[in-house]
Amino acid sequence: MNIGKTGVWSPELRLHRDPAEIADAAAELDSQGWGALWIPGLGGGDILGDAERLLSATEHTVVATGVLSIWRHPAEETAVGHARLRKDHGHRLLLGLGVSDATAAQRAGGTYRPLAALDGYLDRLDSAPDPVPADERLVGAMAPKLTELAARRSAGTHPFLVTPDFTATARAALGDAPLLAPYQAVVVDDDPRRARATARRFLAPFIEMRHYAKSLLRQGFSQDDIADGGSDRLIDSVVAWGTIEAIDARVRAHLDAGATHVALHAISPRDGLPRTEWRELAPLVR
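Quick caveat: nothing in here was measured; it's all calculated off a predicted structure.

A. Representation of the side chain of H73 in the model. When you line up the elements, H73 lands in the loop between strand 4 (68-69) and helix 4 (75-89). For H73, a relative accessible area of 12% translates into the label buried. Setting aside residues no more than four positions away along its own chain, H73 makes contact with G44, G45, I47, L68, T78 and Y121.

B. Broad picture of the packing of helix 3 (residues 47-57) against helix 4. Relative orientation of the contacting elements helix 3 and helix 4 amounts to 10 degrees, with a least axis distance of 11 Å. Relative to helix 4, the element helix 3 is oriented roughly parallel. In this structure, helix 3 uses L48, E52, L55 and S56 to contact helix 4, whose residues at the interface are T78, G81, H82, R84, L85, D88 and H89. Looking at the contact of helix 3 with helix 4 residue by residue, the classes come out as three nonpolar, five polar and three charged.

C. How the structure looks around the pairing of strand 2 (residues 36-39). Of the two faces of strand 2, the one carrying A36 and W38 and the one carrying L37 and I39 are both buried. Of the strand pairs in this sheet, strand 1 (residues 6-9) and strand 2 are connected by two bridges, and their pairing is parallel. Residue pairing in the sheet places W9 in a bridge with W38 of strand 2.

D. Spotlight on unusual backbone geometry. The linkage connecting G66 with the following residue, V67, adopts the cis geometry, with an omega of 5 degrees. Along the chain, V67 falls in the loop between strand 3 (62-65) and strand 4. Not every positive phi belongs to a glycine, and L161 is a case in point at roughly 60 degrees. Locating L161 in the fold gives a position in the loop between strand 7 (156-157) and helix 8 (164-174). Look at D228: it is not a glycine, yet its phi comes out positive at around 55 degrees. By the secondary structure assignment, D228 is in the loop between helix 11 (223-226) and helix 12 (232-238). Of the residues examined, D228 reaches a relative accessible area of 78% and is grouped as exposed.

E. Summary view of the pairing of strand 9 (residues 183-187). With five of its five residues buried, strand 9 lies for the most part within the structure. The alternating pattern of strand 9 places Y183, A185 and V187 and Q184 and V186 on opposite faces, both of which are buried. The sheet contact formed by strand 9 and strand 11 (residues 262-266) spans four bridges and is parallel. Directly across from Y183, in strand 11, lies its bridge partner A263.

F. Representation of helix 8 within the structure. Listed in full, the buried residues belonging to helix 8 are P164, F166, T167, A170, R171 and L174. In a view along the axis of helix 8, the buried residues occupy a sector of 145 degrees, so they form one face of it. The exposed set on the far side of helix 8, more than 90 degrees from its buried face, consists of D165, T169, A172 and A173. Close packing links the buried residues of helix 8 with helix 7 (144-153), strand 7, strand 8 (179-180) and helix 13 (244-256). Residue G175 follows helix 8 closely and has a positive phi angle near 90 degrees.

Quick notes on the rules
Residues numbered from 1 in each chain as written. Predicted model: local features only at pLDDT ≥ 70, side-chain atom pairs only at ≥ 80, totals over all residues. Heavy atoms only, no water. Helix = DSSP H or I, 4+ residues; strand = E, 2+ residues; numbered from the N terminus. Buried < 20%, exposed > 50% of the residue type's maximum accessible area, 1.4 Å probe, protein only. Contact = heavy atoms within 4.5 Å. Axes fitted to C-alpha atoms, helices over the stretch in contact; angles between N-to-C directions. Parallel < 35°, antiparallel > 145°, perpendicular 65-115°, else oblique. Nonpolar A, V, L, I, M, F, W, Y, C, P; charged D, E, K, R; others polar. Pairing = 2+ DSSP bridges. Arc of directions from axis to C-beta.

Below you can see the structure in the form of structure tokens.
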């Protein structure tokens, strides 16, 4: 499965109110040549149904879940859905799987032991009547042990809110072969105050979540950096903002650090599909 060097990560491709506009936008992104369209697992719901809509609207691009919560989507159902979409659309669905946090596990009636839970989930994908091949799934891993498990049992990792320095560390842990596809938030705006404000509006709730906060602390940020929606230092480190040239420099930094692919999330100050930003970012297709 070839996902190219760059892709588009977008909650709007799942959550926008007009399915026809989603399909039209997906077709345009496909024609621009992006290697993958990533949709997050925000709020659960029928994420494979949303992936199917994108697969039906496109011809070439891979559709990836970034990421599907193992607590919200039973492995047996995920395997059935994956097999159906593979039959209808070929090998264009990449299943990104995530362990989320303790709250998600408790809501599902489970105990939060992320490593054991993910290992068991992968076992059930392997033993399904139509197994999900290891090279068609990856893990939203930021912690070292999850990264090691991802290298053994999946195509690789899709880390969230990370810097190029993290990418270099993850590549060293994964080895040469596995896929490493970091999420990269971008704001196409060269006004520092406005760009940072746009970034914080989306990222502040995630920075407050315990598992993402722990990851950021491991990356060398402080408690002060995490407070109040994120310091300027943190925002500037995990968000690429400014001109297309500045954003391209961040993409190149990830690729130079060992990323296989960079998933670009265009954060817009406006509601709706950020089609203007996607068109501006089109030169970054690799």
